[in-house]
Amino acid sequence: MGPLKPFRIAHVADPAEAVAAAVLTPGSRWLAGGTTLVDLLKLEVETPELVIYIGDLPLDGIEELPNGVVRIGAMARMSDAARHPLVATRYPLVAQALLASASPQLRNMATVGGNLMQRTRCPYFRDTTRACNKRDPGSGCSALDGYTRSHAVLGTSEQCIATHPADMPVTLVAIEATVRTQRLADGERSIPIGDLYVAYGDDPARETVLEHGELITAIDLPSDPWLARSCFVKARDRASFGFALAAAAVALDVDAGIIRQARVALGGVATKPWRSREAEEILIGGTIEPECFAAAANAALRQALPRRDNAFKPELARRTVRLALATAAARA
Amino acid sequence: MKQAVGLPIDRVDGRQKVTGSARYTADVAPPGLLHASVVQATIPSGRIRGIDCSRALELPGIVAVLHHDNITPLDSWPSGIFIGDERLPLSDEHIHYVGQHVAVVVAEGFEQALHAAAAVMVHYADTHKPSVMGPELPEAMLAAARPGENQSLRVARGDIDTALGEPAAIRVEGVYSSPAATHNPLEASATVAEWNDGHLTVHETTQWVQGTQRALAAVFRLDPTRVRVVCPRIGGGFGCKALVWPHTVLTVLAARICERPVKLVLTREQMFTSTGCRPATVQRIALGAQPTGKLTAIRHEAVNSTAATTEFVEQCGRSTSRILYACPNVSISHGVVVDSGPPGTWMRAPGECTGTFALESAMDELAVAVGIDPVELRLRNHADVNPDDALPWSSKHLRECYALGVERFGWSARDPRPGSMRSGTDLVGWGMATAVYPAWKMPAAASVHARSDGSALVRCATHELGTGASTVFTQVAADVLGFDMQRVEFVLGDSSFPPAPVAGGSSSTASVSQALVEAGAALRSKLCTLATATSASPLSGLRPELLEIAAGRVVARGDAGRGIEAGELLRLAGQDELGAYAQVSADAGRDPGYSFTSFGAHFCEIRVDPRLPRVRVTRFVSVMDVGRVLNHKTARSQVVGGIVMGVGMALMERLHTDASGRIVNANLADYAVPVSPDVKAIDVDFIDVPDPRFNTLGARGVGEIGITGTAAAIANAVHHATGIRYRRLPISPDGLLAPPFVEQEDSEA
């Protein structure tokens, strides 16, 4: 519990109403499971004048479309998505990441749509008495001279080194999921998740390409059967309820010991869910041998820029990549 | 009659707790209540140039903002009062540590107070950079230390330099460090203060109602009889609620100034800076031994961080190196280094948990150096008498603890070679350590009343931390009165009740039970006398010493059929109740010719997946010698809780402070404590031999010993698994990856 600036709360009947209400009030925020927003309200990091409750919108279905795509409604709870047979059998890495997220209580509240929008745990972002370009653009970055154990080593800039904290989005980046949204102007659109998150660059306040009033309605998981040969590995300080110190999401398409297709994404070490095409290039055409995995892991972290307190992260991340690849490879 | 003591009885308040009807301090809401919130310093050191309350005062519901510039400063603490922070809050413009309370905001609503507190603008000047000295620079911290003021902790036995310089001696030396840590019990600290006609009532989350009563009476210049402090139950304390902290004083002050009741509940974030911490420690230990492993020298230098306002010495060597092993040459010193963190204070086994980490790690290093089993090394150095005062132990069964632990754990299957035990890809390590905690006893009193409805009411100003004290004392009272437990009501947590000590030092059970024994005996005697003196009683005319109380009845000895139910006797005698009172000193029932200490042995198995890596504690066996066990269920929970807390200390807990001196992980997502899957099988057993030289029931305390030795047992197991000696806590993934961790699997490209 912390400070709490007063706000109004509105209830809406359908997605169109949710979108209209948000567009009408630029200083509004949607509330679904509340597991990020309520925290930030208490910290006064978020100070909306209007909170629009969308948690009851009928967007919580999980189904297979005729073309084999699995569609997860944005309001599906993380716990429900994790245990759904379509997710658990066809995309083990997604289910593993969901179950490695937060605690059971939080997973019962949090939605998959909200999880895509989870904010960083950077302590300087969460403390309104510190400088933070993400919270207060132009104010500076206290983290640069601060305590950086949790911070990113990939995708950083001199404006921001905040780590993207979520697990599931890392796996969605790996499997090339598509995010479906609804906007006031032109209705629905589909965004490849690789395009959803923007590099922080000079404007760390902007994390995604979504516009204000653009509602995530669903996530589409591609139909490729080889994605079942996948794995998510997360290193953290304790066995559960801990943010990733480093995490790896991988999928392998293997034929006779030769890797035909490969996906590698990293979590806990980058400013956004981090796809490593460098690692994938090394894997494709390679063999499912430790040497190949090690080379891929090294490639994935080659650009890493560690700081004083997170110097361990590249090595830990390399280890998660190797372990995830070895585990996926061993999965027939 | 069946004895209640010794049975694994469920908590008497268990149903209330699981159904949510148990009321805690923060639930108290007298009419007209105002809510308060503190404003905390965001600099580690400097002074306040000005406080701008204008924005806060315009907010809805705001009643007042109190700070050093608009209140009459409180007088200083009188001597002899135990407090957490010796500086009174709002006494001047100076800032001494991060999180120091600089203002208190009072509002009609809780959220309004929190919001207004965030709107108070504090301007600082002369901000000093904090010292960056900490356990990450252990040698620098050792070098910078000055001696602690409490020189009674110094031990100089024999000739340490000669013994360590002995050419034939086997020497091991190591520097061990632990970071600052926080108590953070589930229940946040809370105060509800109400002034009424010069009388002060305070509902307080406190482990010491009468200490709080005395402290508040002293600072507000009241006769203690005008101050009542109430706390029927606590949601965990671990030491952070033992002493009065500034927010309590501020709440009482706000209630006096606003002339309405005021409630203040610390936020979780504020809990990290407002009620003390276990300070960071650095300890250098040098052991000298004969080739047989027999100790010839122990040198233990301990240094801890401390706040500028309050010198707190973490007594790392006091109950560890001083007494644990037979050794002729012992040198122990304690020093402090001022830092900018919150004041250090007692945190579960203060000194013993940190001190045993260092000493019991060093003993493991010695076992490796000498090449003998760690258990055997400890047996060879067993202290048959207290080596410090040469007194015999009142009751020491440490050898049995080792033996039983070895058996239950299966220790004899241990291959001593590091890295030799595997399970799949996991490295398996087995480690052990000794647990030790002194047996404290303090003055206590109790009143007991038999009532005409056949029940008994027992009062004592002791405390229910959530650990089962009210259950155990109900058991004891039932036995000493001769009543069934169901007819005994035990009430505690009110400063107006008969005196009891602070719920600290694992002393409550030993101290209060002695008062119950004596008060119970007095009431039994009164009931027997009444039974013989009441004409309508079937026992009328008998000699009182021929009677006894059993199952709530006064009966003739050897003829239980002849008697009268106690309530009926009172009704016959025309009395509503019959009471007795006893006050006992710390020495009551204690034989001065002995030394009193509890011991135990921990054995643990850890696994390290070298591919990631992370340490997991997979098995823990503890055997404790704490005298007589009054309730196996609650006692076991205490030891299990201590071990779990020790797992956190060993593997994950640390306050992260950045270069500005501020804590950056002041929440329970980023400050890691163990969660359920971090804790596998914990097997706790007790020797359960009474210590009748200590008190009548023969029971020593059990609240703290579980955490002592735990971190060392884990670190020793990690060494056994990996061959690497980790001397710096916590042994977290980044700690494990620090050199010289060696890749087991494939090589780095």
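Values in this document were obtained by computation on a predicted structure and should not be read as measured data.

1. A word on the overall build of chain B
Broken down by element type, chain B carries 17 helices and 28 strands. At 27 Å, chain B has a C-alpha radius of gyration in line with the 27 Å of a compact globule built from 749 residues. Over its C-alpha atoms, taken along the principal directions, chain B stretches across nearly 95 × 70 × 50 Å. Relative to its 749 residues, chain B shows a buried fraction of 63%.

2. Regarding helix 8 (residues 168–175) of chain A
All names here are of chain A. Most of helix 8 is tucked away: eight of the eight residues are buried. All buried positions along helix 8 are accounted for by M168, P169, V170, T171, L172, V173, A174 and I175. Remark: E176 follows helix 8 within two positions and exhibits a positive phi of approximately 60 degrees.

3. Brief notes about the interface of chain B and chain A
Taken residue by residue, the interface counts 42 residues in chain B and 39 residues in chain A. Here chain B meets chain A over a buried area of about 3300 Å², counting both sides, of which 55% is carbon and sulfur. It is H115(B), L612(B) and L737(B) in chain B that bury the most area against chain A; as a group they hold 16% of the surface buried on that side. Across the salt bridge formed by R130(A) and D658(B), the nearest N and O atoms sit 2.9 Å from each other. The interface formed by chain B and chain A includes 13 residue pairs in polar contact (both at pLDDT 80 or more). If you tally residues by element for the side of chain B that touches chain A, the top one is helix 3 (residues 110–119) of chain B, at five residues. When its residues are assigned to classes, the side of chain B that touches chain A shows 19 nonpolar, eight polar and 15 charged.

4. Things to note about the state of the cysteines
All chains considered together, the criterion is met by zero disulfides over all chains. Here C231(A) is not disulfide-linked; the sulfur of C292(A) is the nearest cysteine sulfur, at 16 Å. Under the relative-accessibility criterion, C231(A) is labelled buried at 4%. Free cysteine C353(B): the closest other cysteine sulfur is in C316(B), separated by 8.2 Å.

5. A look at the sheet that holds strand 3 (residues 50–53) of chain A
All names here are of chain A. Taking strand neighbours across the sheet as the criterion, the three strands line up as 1-3-2 in an open arrangement whose pairing is parallel. A single partner strand is all that each edge strand has here, and the edge strands are strand 1 (8–11) and strand 2 (28–31). On average, each strand axis in the sheet is tilted by 25 degrees relative to the strand beside it, whichever way the strands run. Where strand 1 and strand 3 come together, four bridges link them in parallel fashion. Following the sheet pairing, R8 is matched in strand 3 by L50.

6. Some remarks on the packing of aromatic side chains
Residues and elements named next belong to chain B. Following the criterion strictly, the structure yields eleven aromatic pairs over all chains and no others. Taken together, F409, W411, W430 and F603 form an aromatic cluster joined through their ring pairs. Above the face of the Y24 ring, R233 is positioned so that its terminal group lies 5.9 Å from the ring centre. Over the ring of F599 we find K396; its NZ or CZ atom is 4.4 Å from the centre of that ring.

7. What about empty space enclosed by the protein?
Residues and elements named next belong to chain B. The full count for this structure, using the stated rule, is nine cavities of 30 Å³ or more. Of the pockets and cavities examined, the largest cavity occupies roughly 470 Å³. Of the residues belonging to the lining of the largest cavity, the class tally is twelve nonpolar, eight polar and eight charged. Roughly 120 Å³ of internal volume is contained in the second largest cavity. Broken down by secondary-structure element, the contributors of at least two residues to the lining of the second largest cavity are strand 27 (615–625), helix 15 (632–651) and helix 17 (733–737). Top contributing element to the lining of the second largest cavity by residue count: strand 27, with three residues. Of the residues that constitute the lining of the second largest cavity, the class distribution is ten nonpolar, one polar and five charged.

8. Looking at unusual backbone geometry
Residue and element names in this part refer to chain B. The omega torsion of the bond from L612 to P613 falls at -5 degrees, within 30 degrees of zero and hence cis. Following the sequence through the fold, P613 ends up in the loop between strand 26 (597–608) and strand 27. Here L729 and P730 are connected by a cis peptide whose omega angle stands at -5 degrees. Take P730: it is sitting in the loop between helix 16 (710–722) and helix 17. One non-glycine residue, A349, adopts positive backbone phi at about 55 degrees.

9. Quick notes on the sheet that holds strand 28 (residues 681–686) of chain B
By definition, the strands of a sheet pair up through backbone hydrogen bonds, in either a parallel or an antiparallel sense. All names here are of chain B. If you trace the five strands from one edge of the open sheet to the other, you get 17-18-26-27-28, paired in mixed fashion. Single-partner strands in this sheet number two, and they are strand 17 (421–423) and strand 28. Here the strands of the sheet are splayed against their neighbours by 25 degrees on average, with no regard to which way each runs. As judged from the three bridges shared by strand 17 and strand 18 (residues 426–438), these two strands associate in the antiparallel manner. Counted as the bridge partner of M421 is V428 from strand 18. Against the sheet, helix 15 makes contact with strand 26, strand 27 and strand 28, and its axis sits at roughly 130 degrees relative to strand 28, the strand it touches most. Sitting on the sheet, helix 16 touches strand 17, strand 18, strand 26 and strand 27, and the angle it makes with strand 18 is about 155 degrees.

10. Description of the packing of helix 5 (residues 92–99) of chain A against helix 8 of chain A
Residue and element names in this part refer to chain A. Two elements in contact, helix 5 and helix 8, have axes separated by 8 Å at closest approach and are oriented at 165 degrees. Taken together, the axis directions place helix 5 and helix 8 in an arrangement best described as roughly antiparallel. Judged by the twist between their axes, the crossing of helix 5 over helix 8 is right-handed. Mapping the contact onto sequence places L93, V94, A97 and L98 in helix 5 and M168, T171, L172, A174 and I175 in helix 8. Broken down by class, the residue content of the contact of helix 5 with helix 8 amounts to eight nonpolar, one polar and no charged.

11. Description of the pattern of salt bridges
By the definition in use, this model includes 65 salt bridges over all chains. The partner of R725(B) in a salt bridge is E365(B), with the nearest N and O atoms 3.9 Å apart. Here R725(B) is found in the loop between helix 16 and helix 17, whereas its partner E365(B) is found in helix 9 (residues 352–370), with 360 residues between them in sequence. R590(B) is the partner of D587(B) in a salt bridge, and the nearest nitrogen-oxygen pair spans 2.9 Å. Taken together, the shared-partner salt bridges connect R29(A), E46(A), R119(A), K134(A) and E207(A) into one network.

12. Let's talk about the environment of L90(B)
Residues and elements named next belong to chain B. Turning to its location among the elements, L90 is positioned in the loop between strand 3 (62–67) and strand 4 (94–95). The class of L90 is buried, set by a relative accessible area of 2%. Along the chain, L90 and V644 lie 554 residues apart, while their C-alpha atoms are 38 Å from each other. Apart from the residues lying within four places of it in its own chain, the contact partners of L90 are L66, H67, H68, I71, H101, V102, A103 and L250.

13. Some words on the confidence of the model for chain B
Residues and elements named next belong to chain B. With 98% of its residues at a pLDDT of at least 70, chain B reaches an overall mean of 95. Segment residues 742–749: pLDDT under 50, and 16 contacts once partners within four positions in sequence are set aside and those in other chains are kept. The ipTM for the predicted assembly is 0.96, set against a pTM of 0.97.

14. Some details on the side chain of H334(B)
All names here are of chain B. Along the chain, H334 turns up in strand 16 (residues 329–338). Exposure remark for H334: the relative accessible area of 8% places this residue in the buried category. A polar contact of 3.1 Å, which involves the side chain of H334, links it to the backbone nitrogen of C316. Looking at H334, its side chain comes within polar contact range of the main-chain nitrogen of G317, at 3.0 Å. Leave out the neighbours within four places in its chain, and H334 touches P147, G148, L153, A302, V313, E314, Q315, C316, G317 and R318.

15. Re the packing of helix 11 (residues 290–300) of chain A against helix 12 (residues 313–330) of chain A
Residues and elements named next belong to chain A. At a closest axis distance of 9 Å, the pairing of helix 11 and helix 12 adopts a crossing angle of 140 degrees. Here helix 12 runs oblique to helix 11, going by the angle between their axes. Crossing of helix 11 against helix 12: the hand is right-handed. Contact with helix 11, carried on its side by F293, A294, A296, A297 and N298, involves R318, V321, R322, L325, A326 and A329 of helix 12 and no other residues of that element. Residues that form the contact of helix 11 with helix 12 fall into these classes: eight nonpolar, one polar and two charged.

16. Notes on the nonpolar core
Residue and element names in this part refer to chain B. Core analysis: the biggest nonpolar cluster contains 98 residues, and W77, F220, F483, L527 and V554 have the highest contact counts within it. With ten residues, the single largest contributor to this core is helix 13 (residues 508–533). The contact partners of V554, leaving out residues within four places of it in the chain, are L527, C528, A531, L539, L547, E548, I549, R562, G563, I564 and L569. Formed by 96 residues, the second largest nonpolar core is a distinct cluster that contains L295, L427, V623 and A635.

Rules used in this analysis
Residues numbered from 1 in each chain as written. Chains lettered and ligands numbered in written order. Predicted model: local features only at pLDDT ≥ 70, side-chain atom pairs only at ≥ 80, totals over all residues. Heavy atoms only, no water. Helix = DSSP H or I, 4+ residues; strand = E, 2+ residues; numbered from the N terminus. Rg over C-alpha atoms; globule rule 2.2 N^0.38 Å. Buried < 20%, exposed > 50% of the residue type's maximum accessible area, 1.4 Å probe, protein only. Contact = heavy atoms within 4.5 Å. Buried area = accessible area lost by both parts, 1.4 Å probe. Salt bridge = Lys/Arg side-chain N within 4 Å of Asp/Glu carboxyl O. Polar contact = N/O pair within 3.5 Å; in protein donor to acceptor, adjacent residues only side chain to side chain. Nonpolar A, V, L, I, M, F, W, Y, C, P; charged D, E, K, R; others polar. Disulfide = S-S within 2.5 Å. Pairing = 2+ DSSP bridges. Axes fitted to C-alpha atoms, helices over the stretch in contact; angles between N-to-C directions. Phe/Tyr/Trp six-rings, centres within 6.5 Å; stacked < 30°, edge-to-face > 60°. Lys NZ or Arg CZ within 6 Å of the ring centre and 35° of its normal. 1 Å grid on protein atoms, 1.4 Å probe; cavity = no way out; pocket = protein on both sides within 12 Å on 5 of 7 lines; lining within 4 Å. Points joined across faces, edges and corners; volume = space filled by probe spheres on them. Parallel < 35°, antiparallel > 145°, perpendicular 65-115°, else oblique. Left-handed = near helix turned anticlockwise from the far one by under 90°. pLDDT = per-residue confidence, 0-100. Core = buried A, V, L, I, M, F, W, Y, C linked by side-chain atoms within 4.5 Å.

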